[in-house]
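# Coordinate inspection notes
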Amino acid sequence: VETKKEVSIVSKETLKQQKKDSQLGLEDVLIIDDDPLLRDFLASLLRKFSIQSITHAGSTNRACELMERQHFQLVFLDIQLKNENGLENLPKMIKVSPDSDFVVVSALSSIENAQMAMQRGARGFIAKPFTIKKLEGLLNTLNIATRG
Amino acid sequence: MDNAPPSARTSSFLSRSRWAWLVQSSKTFFQFEHFSELNEKRYHQFVYQQAFPIFRFTLCMGGLFTLLLTIMSFVNDAQMSTARILYALSWLLLVVLGLTRLVSMYWVFSIYLVLSAVFFVYYRYFQIDQPIYIVPTIVLLLMGLLVARPGAKLCTFLGFLIPILVSAIFVISGELNPLTAHIQLMLWFTAFVVMFAAIISEHGTRAMFKNHLQLQQARQKELEVGKAKSEFLASMSHEIRTPLTAVIGYAQSILEDDMPADKIESAVQRIKYNGDHLLSLVNDILDVAKIEQGKIELLEEETSLFTLMQEVSYIMEPLANRKGLQFVIDFQFPLPDKILIDRMRLRQILVNLIGNGIKFTEKGDIRIHISADEPWLRFDVIDSGIGIDSLNAQKIFKSFGQASAEITHQFGGTGLGLHISKKLANLMGGDLTFTSKAKVGSTFTVMIELKTPPSMQWTQHAEQQAHQDDKRLLQAAFSGHVLLADDVEDNRLLISSILRRMGLTLDLAENGREAIEKALITDYDLIFMDIQMPEMDGMQAVSQLRSFGNLTTVVALTANVMKQEVKQYLSAGFNAHLGKPIDRPSLIRVLERYLSQQQGELSEHELYGQQEFLQFQQRFINNLHNSLNELKQLIIQREMVELGNQAHAIRGSAASFEFTDIAELAMQLEKACSAGEPQFISLANKLVKLIENTSTDSHN
């Protein structure tokens with residue numbers, strides 16, 4: 001009887017472990033956007049994918065400070081920030097946190113923007129408006145577990 | 001054998017097997033490979049052509065030399081001149097015989113050779129006593145014969161005839177001494193050498209001729225192919241030029257305004273008719289080219305026989321009825337409910353055969369019998385038309401092989417259809433045959449290999465299934481937001497009208513670049529993307545879209561449906577492909593696959609949660625209202641750059657919260673500001689007014 005119990009415990013633990021693995025880094029998302037409304041909106045959309053802990057930063061400098069202290073799995077970076085261009089600072093940020101997946105966000109869907117983002121090391125590009133479907137495709141592409 | 005000690009095998013040199021081998025190889029040595037009767041004749045001609053110059057040369061030299069010697073002998077040695085004159089005369093006789101072709105060159109040469117040998121023996125031995133020259137001279141003569149390669153038989157014959165004659169001369173003249181015996185011995189030896197040499201040489205010549213024949217055949221074939229090709233090209237250009245002339249002619253007269261208004265419609269109809277004809281012609285030509293290059297691949301898929309026939313009758317029945325013909329499909333049960341077949345190609349064959357039937361039938365009916373007789377699936381297309389007489393029966397399966405130019409003129413068509421259909425039937429493991437009686441009608445029979453999926457069942461009735469499929473095809477209605485990317489305006493118009501009629505909301509893009517930019521902004525349920533487009537082609541566009549992390553379903557629209565290419569499309573990121581020109585059933589299948597899930601799925605709003613979204617909208621409007629004063633200030637100060645920045649910010653969030661009118665206006669303002677257009681002030685004022693009038697309540 002005891003051995004049976006052990007087996008069941010082990011399998012439960014591996015299941016938990018698997019679940020943990022599949023949700024790796026879900027709590028570590030950073031959104032860099034100077035518009036608090038859109039920032040909140042993106043965060044609320046991400047929560048639908050059971051991503052809970054989301055950090056905000058208004059500028060790339062602030063983001064770098066945060067990243068030095070904490071590891072983020074996923075970073076959303078807006079191009080048009082107040083007084084600076086997110087794309088230009090992307091390489092600098094990748095240097096600070098090379099393991100993070102950077103996704104560039106823009107209201108301009110021009111291909112040049114997107115291509116440049118990918119060239120500078122982004123793992124994805126997403127144009128506003130944000131939608132669940134876009135995020136779903138993005139998270140699937142980046143192999144990050146989504147809801148369900 | 002294997003148990004025998006090795007010494008037993010090696011002890012005798014000519015063991016039985018060795019002996020057999022020797023006999024065998026000597027047999028092959030003495031036997032020649034013979035060609036067919038015609039080629040044997042050709043071989044002799046070939047040999048003769050090569051031998052002739054050598055004969056000629058030898059004869060000339062022999063004659064001239066003798067002539068010279070004869071003249072000299074008058075001066076030195078009057079005694080010899082009689083013999084020389086005789087020799088020269090006989091040479092002259094031989095040459096005349098040869099030139100007048102009374103005697104073949106072989107005979108002339110052989111007689112000349114024998115004569116020379118006899119004369120030489122007589123002259124050298126009996127007249128001037130120089131027997132030492134006899135053997136080398138005769139060997140030289142025989143070598144000349146060998147070089148001319150007239151064949152082993154003749155060489156051997158002459159090779160032996162000469163020593164016999166020489167021996168006879170010596171015996172008759174009683175000159176049997178050691179010297180003549182040596183001469184004879186050497187000549188007999190020479191005869192054997194000549195025989196072997198001639199046999200080897202004939203083997204060589206025959207091998208050479210064989211190569212020559214093969215080369216010639218290859219060249220002949222090449223010439224024939226070339227001829228067929230140029231004939232094909234010639235008739236093709238003619239076929240293409242005819243409808244093209246009509247199209248250009250009608251278009252020209254419409255343009256030049258010299259056409260009465262009531263005629264224009266019929267002219268346009270003619271243009272369309274000729275254009276359609278041209279398209280089918282080009283399609284046929286492409287098919288022929290593909291077939292000839294072996295590039296057609298059949299895509300076998302599970303297909304209902306009844307649905308397929310339904311589709312065929314949708315296309316063909318109206319055509320038959322328009323001519324007042326009855327159109328009857330006669331299923332001969334039991335039939336399999338599902339088959340594995342390249343449905344497009346089978347349909348192509350049937351449409352072609354039925355189309356022909358309708359074309360050549362004035363009254364009566366067109367019947368299609370369908371029966372399954374394992375391992376065959378059989379379609380008989382029976383018409384009561386003009387029929388095909390036996391004279392033309394051979395031609396009809398050839399490309400451009402319509403019975404006559406007159407028929408082409410009267411009935412139209414390219415004559416490629418039957419050729420293609422037959423080849424396709426062959427590819428399907430079967431054949432296309434026909435029986436016909438002039439003025440009674442024709443029956444075309446397609447037999448193809450019956451392949452069925454494991455789930456197949458034999459069925460006794462077709463009604464229900466066909467009816468269901470039929471309904472499905474007719475009532476196809478979908479909902480969804482679809483993007484269509486195609487660079488050709490006509491294609492966009494055509495495909496979009498089909499898609500709109502099915503109830504879809506449509507956006508259009510002219511190239512891959514535009515498609516990506518639209519797809520990044522809007523969540524489409526489905527994207528149809530042409531492959532060949534300027535600026536950025538479909539393949540690039542899809543792989544870029546995927547690299548950005550966008551997983552919208554993309555269907556490739558393309559005329560290339562070869563397996564290899566389809567594979568490429570799928571690996572580039574396309575979800576599916578659809579052949580061009582669009583065929584309704586395939587389109588419906590694709591839409592069913594990717595849009596039917598849509599109905600069960602929640603919309604963006606529902607997905608997100610209505611209440612929460614409303615809160616965000618409220619916050620957005622509040623923010624906007626709060627920033628109104630700042631905006632107005634900027635307008636008064638005419639701060640174009642800053643206004644542009646503001647407009648950009650508003651646009652991004654307005655779209656997110658579904659205030660499309662605000663987003664649209666903000667985008668116009670942004671553009672105007674960045675372009676420095678003076679109307680930016682009025683646009684900004686409009687925007688302010690719009691924001692003032694917008695509240696979440698009015699929006700919803």
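Further up the page is the structure itself.
What comes next concerns the included structure. Being a predicted model, the structure only gives us computed values, none of them experimental.

Attention shifts here to the overall build of chain A. A tally of regular secondary structure across chain A gives six helices and seven strands. Secondary structure elements in chain A, listed N-terminal to C-terminal, are α-β-α-β-α-β-β-β-α-β-α-β-α. For chain A, restricting intrachain contacts to residue pairs at least 6 apart in sequence, the fraction spanning at least 24 positions comes to 65%. For chain A, the exposed area adds up to about 7400 Å²; of that, 49% sits on carbon and sulfur atoms.

With that out of the way, let us pick up the overall build of chain B. A count of helices and strands for chain B gives 26 helices and 14 strands. Burial status across chain B gives 42% buried among its 700 residues. Considering only intrachain contacts with a sequence separation of at least 6, the fraction spanning at least 24 residues in chain B is 71%. Carbon and sulfur atoms make up 59% of the accessible area of chain B, which amounts to about 38800 Å² in all.

On to the sheet that holds strand β5 (residues 365-373) of chain B. Strand pairs in the sheet, formed through backbone hydrogen bonds, run parallel or antiparallel to each other. All names here are of chain B. One open sheet holds the five strands; their spatial order is β2-β5-β6-β8-β7, and the pairing between them is mixed. The open sheet terminates on both sides in strands that have one partner only, identified here as β2 (326-332) and β7 (431-437). In this sheet, neighbouring strand axes are inclined to one another by 15° on average, regardless of whether the strands run parallel or antiparallel. Sheet analysis places β5 next to strand β6 (residues 376-383), joined by eight bridges and oriented antiparallel. Residue pairing in the sheet places R367 in a bridge with I382 of β6.

Moving on, we come to helix α19 (residues 563-572) of chain B. All names here are of chain B. Among all positions of α19, only V566, Y569 and A572 are buried. The buried residues of α19 occupy an angular sector of 125° when the element is viewed end-on, so they sit on one face. Exposed residues pointing more than 90 degrees away from the buried face of α19 are listed as Q564, K567 and S571. Each element contacted by the buried residues of α19 is listed here: α18 (538-547), β13 (554-558) and β14 (576-579). Of the residues trailing α19, G573 is marked for its positive phi of about 125°.

Attention now goes to the sheet that holds β14(B). All names here are of chain B. Within the open sheet, the five strands sit side by side as β11-β10-β12-β13-β14. Their pairing is parallel. Only two strands of the sheet have a single partner each, and these edge strands are β11 (505-509) and β14. Across this sheet, the average inter-strand angle for adjacent strands is 25°, counted without regard to direction. Across the face of the sheet, α18 comes into contact with β12 (526-530) and β13 while running at roughly 145° to β12.

Residues and elements named next belong to chain B. With respect to the helices, strands and loops of the structure, V194 is situated in helix α8 (residues 178-255). V194 sits 49 residues away from L145 along the chain, and the two C-alpha atoms are 9.3 Å apart. Residues in contact with V194, not counting those within four places in the same chain, are L142, L146 and C155.

Glancing now at the pattern of salt bridges. Taken as a whole and assessed by the stated rule, the structure comprises 21 salt bridges over all chains. Of the charged contacts, one joins A:D78 and A:K128 as a salt bridge, the two residues approaching to 3.3 Å between their closest N and O atoms. Here the residue A:D78 occupies a position in strand β3 (residues 74-78), and A:K128 occupies one in the loop between β7 (124-127) and α6 (132-141), the gap between them amounting to 50 residues. Assigned by exposure class, A:D78 and A:K128 land together as buried. In this structure, the salt-bridge partner of B:E302 is B:K338, at a minimum N-O distance of 3.9 Å. Residue B:E302 is located in strand β1 (residues 301-304), and its partner B:K338 is located in strand β4 (residues 338-341); the two are separated by 36 residues in the primary sequence. Take B:E302: its relative accessible area is 44%, and that puts it in the partly exposed class. Residue B:K338 is classed as partly exposed on the basis of its relative accessible area, which comes to 23%. Linked through salt bridges whose partners overlap, the residues forming this network are A:D33, A:D78 and A:K128.

Residues and elements named next belong to chain A. When you tally the buried positions in β3, you get five out of five residues, the bulk of the element. Burial along β3 is two-sided: the residues L74, F76 and D78 and V75 and L77 are all buried. Pairing between strand β1 (residues 29-32) and β3: four bridges, direction parallel. The residue bridging L30 from the neighbouring strand is V75, located in β3. Relative to strand β6 (residues 101-106), β3 runs parallel, the two sharing five bridges. From the neighbouring strand, F76 faces β6, where its bridge partner is V103.

With 35 residues of chain A at the interface, the matching set in chain B holds 33 residues. Along the contact surface separating chain A from chain B lie two salt bridges. We note a salt bridge from B:R619 to A:D40, for which the minimum N-O separation is 2.6 Å. Of all the secondary structure elements, the ones that give two or more residues to the side of chain A that touches chain B are α2 (36-47), α5 (111-119), β7 and α6 of chain A. Split by residue class, the side of chain A that touches chain B holds 16 nonpolar, ten polar and nine charged.

This paragraph deals with the packing of aromatic side chains. All names here are of chain B. Per the counting criterion, the structure on display carries 18 aromatic pairs over all chains. When the centroid spacing of 5.0 Å and the interplanar angle of 45° are considered together, the rings of F46 and F209 count as tilted. Of this pair, F46 sits in helix α3 (residues 37-76) while F209 sits in helix α8; the two residues are 163 residues apart in sequence, bridging distant segments of the chain. Taken as a pair, F46 and F209 share a single burial class, namely buried.

This next bit is on the pairing of β5(B). All names here are of chain B. By the bridge criterion, seven bridges tie β2 to β5 in an arrangement that is parallel. Looking at β5, one finds that Q326 is bridged to D365. Linking β5 to β6, which pair antiparallel, is a turn of two residues.

All names here are of chain B. Contact geometry of helix α11 (residues 343-359) with helix α14 (residues 417-427) gives a least axis separation of 10 Å together with a crossing angle of 140°. When you trace α11 past α14, the crossing you get is left-handed. Between α11, through R345, Q348, I349, N352, L353 and N356, and α14, the contact on the second element is made entirely by G417, L418, I420, S421, L424 and A425. For the contact of α11 with α14, the residue count by class is six nonpolar, five polar and one charged.

Before going further, it helps to examine the side chain of B:D486. Counting through the fold element by element, B:D486 comes out in the loop between β10 (481-485) and α16 (489-501). If near-sequence neighbours (up to four positions away) are discounted, B:D486 is found in contact with B:N491, B:R492, B:I495, B:A509, B:E510, B:D530, B:M533 and B:K580.

It is worth spelling out the packing of helix α3 (residues 60-69) of chain A against helix α4 (residues 86-96) of chain A at this point. Residues and elements named next belong to chain A. The interhelical angle for the contact between α3 and α4, taken along N-to-C directions, is 10°, at an axis separation of 10 Å. What the angle tells us is that α3 and α4 run roughly parallel. Residues T60, N61, A63, C64, M67 and E68 of α3 form the contact with α4, whose own contacting residues are N89, K92, M93 and V96. For the contact of α3 with α4, a count of residues per class yields five nonpolar, three polar and two charged.

Here is what the cut-offs are and how they apply
- Residues numbered from 1 in each chain as written.
- Chains lettered and ligands numbered in written order.
- Predicted model: local features only at pLDDT ≥ 70, side-chain atom pairs only at ≥ 80, totals over all residues.
- Heavy atoms only, no water.
- Helix = DSSP H or I, 4+ residues; strand = E, 2+ residues; numbered from the N terminus.
- Contact = heavy atoms within 4.5 Å.
- Areas by Shrake-Rupley, 256 points an atom, 1.4 Å probe, with all protein chains shown as cover.
- Buried < 20%, exposed > 50% of the residue type's maximum accessible area, 1.4 Å probe, protein only.
- Pairing = 2+ DSSP bridges.
- Axes fitted to C-alpha atoms, helices over the stretch in contact; angles between N-to-C directions.
- Arc of directions from axis to C-beta.
- Salt bridge = Lys/Arg side-chain N within 4 Å of Asp/Glu carboxyl O.
- Nonpolar A, V, L, I, M, F, W, Y, C, P; charged D, E, K, R; others polar.
- Phe/Tyr/Trp six-rings, centres within 6.5 Å; stacked < 30°, edge-to-face > 60°.
- Left-handed = near helix turned anticlockwise from the far one by under 90°.
- Parallel < 35°, antiparallel > 145°, perpendicular 65-115°, else oblique.

In short, geometric facts, not functional conclusions.
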